[in-house]
Amino acid sequence: MLRFATWKIVAILGMTFAAILVVAPSLLSPSSYEALASKLPDWARPPTIVLGLDLQGGSNVMLEVDKPSVLHTLAMNLRDDARRILREEKVAITGGIGQQARGVQFRVPDAADRAKIMPKLKALAQSYSNRLGAGAPPLDIEDSGDGLIRVTVTDTGLTEKVRRAVDQSIEVIRRRIDQLGTREPSIQRQGDDRIVVQVPGLQDPEQLKTILGQTAKLEFRLVSEPGENPADVEELEQTEQAGKIGVEKQVMVQGEDLTDAQPGFDQRGGEPVVNFRFNIKGAQKFGEVTSKNVGRLFAIVLDNKVISAPRILTPITGGSGQISGHFTVEQANNLSILLRAGALPAKLNIVEERTVGPGLGQDSIDAGKRAAYVGAGLVVVYMLITYGVFGVFANLALFVHIAIIFAGLILLGSTLTLPGIAGIVLTIGMAVDSNVLIYERIREEQHAGRSILASLDAGFNRAFATIVDSNVTMFVAAAILYFLGSGPVRGFAVSLALGILTTIVTAVTMTRMMIAVWYHRARPTRLPI
Amino acid sequence: MKLLRLAPENTKFPFMRFRRVSYPMSAALSIMAVLLFVFVHMNFGIDFAGGTVIELRAKGGSAEVGTLRAIAEKLSLGDVEVQAFGSQADATLRFGLQPGGDVAQQAAVERVRNAVENDYDVRRVEVVGPRVSGELVQSGTLGVVLSIIAVLGYLWFRFEWQFAISAVIATMHDLLLTVGFFALTQLEFNTTSIAAILTIVGYSLNETVVVLDRIREMMRKYKKMSTAQIIDMSINAVLPRTIMTATTVFLALLSLAIFGGQVIRSFSFAMIWGIVVATYSSVFICSPMLIYLGLRNEDGERAGASAEEEAEKIEKPKKAAAPAPAKPGPARASGKKTKPSTA
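Throughout, a residue's number is its position along its own chain's written sequence, starting from 1. Chains carry letters and ligands carry numbers; both start at the beginning, A for chains and 1 for ligands, and go up in the order they are written. Totals for whole chains, interfaces and linings use all residues, but because this is a predicted model, local features are given only for residues with pLDDT of at least 70 and pairs of side-chain atoms are given and counted only at 80 or more. To get the side-chain values, all heavy atoms of the structure are used, and hydrogens and water are removed first.

- Under an unreviewed UniProt entry, chain B has the name Protein-export membrane protein SecF and belongs to Methylocystis heyeri.
- UniProt positions are given in the numbering used here, feature names are shortened, and annotations may be inferred rather than shown by experiment. Here is the UniProt Subunit (unreviewed entry) comment for chain B, exactly as written: "Forms a complex with SecD. Part of the essential Sec protein translocation apparatus which comprises SecA, SecYEG and auxiliary proteins SecDF-YajC and YidC."

- Per an unreviewed UniProt entry, the recorded name for chain A is Protein translocase subunit SecD, and the organism is Methylocystis heyeri.
- The UniProt entry for chain A carries the following text under Subcellular location (unreviewed entry): "Cell membrane".

**Quick look at the interface of chain B and chain A**
Then step 1. In this analysis, two residues are considered to be in contact whenever any of their non-hydrogen atoms come within 4.5 Å of each other. In this assembly, 78 residues from chain B lie in contact with 75 residues from chain A.
Then step 2. Using a 1.4 Å probe, buried area is obtained as the accessible area two parts lose upon being combined, added over both of them. Approximately 6400 Å² of surface area, both sides summed, lies buried where chain B meets chain A, with 60% of it carried by carbon and sulfur atoms.
Then step 3. Looking only at chain B, the three residues that lose the most surface to chain A are B:Arg123, B:Met244 and B:Phe259, adding up to 9% of its buried area.
Then step 4. The rule for a salt bridge is simple: a side-chain nitrogen of Lys or Arg has to be within 4 Å of a carboxyl oxygen of Asp or Glu. Between chain B and chain A we count ten salt bridges in total.
Then step 5. Linking A:Arg354 and B:Glu126 is a salt bridge whose minimum nitrogen-to-oxygen distance equals 2.8 Å.
Then step 6. Only runs of H or I of at least four residues qualify as helices and only runs of E of at least two qualify as strands under DSSP, and these elements are numbered from the N terminus. For the side of chain B that touches chain A, the secondary structure elements donating two or more residues are β2 (51-58), α4 (101-116), β5 (120-128), α5 (130-158), α7 (191-221), α8 (227-259) and α9 (262-292) of chain B.
Then step 7. In terms of residue count, the dominant contributor to the side of chain B that touches chain A is α7(B) (16 residues).
Then step 8. Any residue that is not Ala, Val, Leu, Ile, Met, Phe, Trp, Tyr, Cys, Pro, Asp, Glu, Lys or Arg is counted as polar, Gly included; the first ten are nonpolar and the last four charged. Of the residues belonging to the side of chain B that touches chain A, the class tally is 41 nonpolar, 17 polar and 20 charged.
Then step 9. Both strand β18 (residues 348-356) of chain A and β5(B) contribute to a ladder of five bridges, which runs antiparallel. If you follow A:Thr355 over to β5(B), its bridge partner there is B:Val125. A pair of strands counts as paired when DSSP detects no fewer than two bridges linking them.

**A look at the pattern of salt bridges**
Then step 1. Under the criterion given, the structure shown has 41 salt bridges over all chains.
Then step 2. Ionic pairing is found between A:Arg296 and A:Glu228, a salt bridge with its closest N-O pair at 3.5 Å. With A:Arg296 in the loop between α8 (280-292) and β15 (298-302) and A:Glu228 in the loop between β9 (218-222) and β10 (233-238), this residue pair connects regions lying 68 residues apart in the sequence.
Then step 3. Taking relative accessible area as the criterion, A:Glu228 reaches 27% and is therefore assigned partly exposed.
Then step 4. A salt bridge links B:Glu126 to B:Arg124; the shortest N-O distance between them is 3.1 Å.
Then step 5. Overall, the relative accessible area of 15% leaves B:Glu126 in the buried class.
Then step 6. Categorising residues by exposure relies on relative accessible area from a 1.4 Å probe, with only protein chains included: less than 20% of the type maximum marks a residue as buried, more than 50% marks it as exposed, and the intermediate range marks it as partly exposed. By relative accessible area, B:Arg124 is classed as buried at 13%.
Then step 7. Shared partners join several salt bridges into a network, and the residues in it are A:Glu352, A:Arg354, A:Asp363, B:Asp47, B:Glu55, B:Arg57, B:Asp90, B:Arg123, B:Arg124 and B:Glu126.

**Concerning the domain arrangement of chain A**
Then step 1. Per the domain assignment, the segments making up chain A are domain 1 (6-57 + 358-522), domain 2 (67-159) and domain 3 (218-351).
Then step 2. Domain extents, as shown, originate in an automatic or database domain assignment. Here domain 2 of chain A and domain 3 of chain A have C-alpha centroids that lie 32 Å from each other.

**A short note on the side chain of A:Thr503**
Then step 1. Positionally, A:Thr503 belongs in helix α14 (residues 487-522).
Then step 2. The class for A:Thr503 is buried, based on a relative accessible area of 4%.

**Re the nonpolar core**
Then step 1. Residues A:Phe390, A:Tyr439, A:Ile442, B:Leu155 and B:Ile215 are the most contacted members of the largest nonpolar core, which totals 151 residues.
Then step 2. Non-local contacts of A:Phe390, meaning those with residues more than four positions away in its chain, are made with A:Tyr439, A:Ile442, A:Leu456, A:Ile515, A:Trp518, A:Leu527, A:Pro528 and A:Ile529.
Then step 3. Nonpolar cores are built from buried Ala, Val, Leu, Ile, Met, Phe, Trp, Tyr and Cys residues. Side-chain atoms within 4.5 Å join them into one set. With 43 residues, the next largest nonpolar core counts A:Val91, A:Val162, A:Val166 and A:Val199 among its residues.

Right under this line is the structure:
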């Protein structure tokens, strides 16, 4: 056992050196790291440890597509489509179109009429299917035979719609968060209907939530006038005043036609406003509507609430306008961000939020460091007073062990979280277990009367099987933690798993090498253990 | 230099004799743990119960728990728990799910923020909705169950089936007692606690495997000895290591508990309890279980009954075997389906 091939020694020393080299930049203070990084080309910039949101501060928000509202929209669209088909085919129905939670139903008394519209409805289902890209049919068309026809959205249809809404939302959210000027946000889909947004180091989590929680569907609609058909009018809430206001259902111009929106100040009152500009289509439409309706109130509707309803004094043909609504500067700023980034395809609810202030993050880092130093210190002293010179070897191995864990975390780009630090502190305790197993075995063999070399040999060889078995079980637990855990727990699992893998190299091979070198130098007559 | 020894050398504790005490005791403790779990509810954190935690730090002076409670009362958020937390300037506010779902939950946070903004910095906000917390419970439970099954499989493959079953029984025992510990102490139970429990499972198995490994080795070496004697001898042999390792891990966890900060504290306490229980169960639960499961030493008599009388005879076969150190060959050959140790 005590012959060590030179290449092994070189490999172990090389690995140790490499680990220290990888870890070193993370030990620099942020300012000296910046100074170093600025002198190097991009690709040569050394990676540093990525701190989790619980350590550097930041927000982790989980959003979920609001299924009821998606379903509602789908059902409303279905009603419009059904009405259009019935009108086009000139089919008479009795009792009107009944709106249901999942779709519509209507009664067609005439059998020939029914036969006429069924293919049309099937074609409609096909077009939904094409739009959603679903395998199973998104619509369920049911003809009960006695004249009642029911068209409903299937679960597949809803799921597909939600899935697409998530995809589109991710893009919109990315644009919105980019506007906040934060660095390295992470936006990921989770499951069918969720999005996880992580924004590190955010100063104002409220602004993030304001920006994420709004659909930002902007519409321009005319305020209704007395004598209009009630079927064409909708009562909407107002943001500025109490009470509702009646506006026409028909949307004149939509937020989709905006090309730009910027916060500004009203020229007369100095009040914060949002200035917007339309694309050509929007500008034309806007000009047309405003010229036809001079003198009427024009409602600016955001997410089904009326922000303001100014009177049209002159036709606005320049393609740009202004939204005022007694905003604060921040509100105007947020609204312009939302309008620039576009509307979300569906309402998103915040189902989970974890925000850590930067101060608390720093405190956690300090506490974690302190715990790690004290823990490592205690273990090191304990090993020294228990095993003497062998304890020195175990401690050196422990030092390399910790360096390799951190190097592993850095190279994997894995984030270091507070539970991750706990995992590392724990592996500090566990790591020496392998050394303890070996050393106790060596002692045992020596007590049983074996020679020095035979004791060392047996100690390492026999303990090895035990070390492998016990570490594999621990590793299994860590792997399962990783796959099932979320966020910080995953960080813990990664540190733990890395620690276990490293143990084999440092506690077994490296210690063995050190003892071999020591043995050849010291030529002991009795093992000091 | 005189080196420190926590465990006396060459111990010969008749561990197997204690199984008449340890089994009823552990059974009683396990039942108590289950009863505690059922009747004294765990202090579920918001990860599992759903709800909101807001951590505040006073901008100047110390946090006024009374004032905060009064403010919270006015906001009508249901049951609000206000607690001093860590240093004098810190306090946490915790309240449950708001009627009205996720949107109402967010609105409640906003109300609290506005109410305390002038005097306090908001250091941490966690909001977990009802469905998310349900899923966290599911995945947590699944994790524990899966890891036990996976380890059972591994041990079955590496050892005899009796070893695998004993290890799993010991691990479940540790799991129960840890859950009971959470119920008794009312330490907050959250996702980090699940991590603690899984780590305890890992540690417990680690302990068990070390003892089992030695038992297997001894069984090959001393074929004539009864299982009970073998087990006693094995445990005594690994005792110094068991104590040594438990102490180092304890030291590491102690520093985590004292210096690691408030968030990690319940994790550290649970782990400390866990290593105590895991060490105990590897010796007093897992190993005797082998006897009950009818593990037989080859050619040895059926173990158990004669353990006490034979305990004194241990000395002789050990001495007889000692002068023949490098003799793993024959033992390996008769090792049957178990894999040879890497001697």
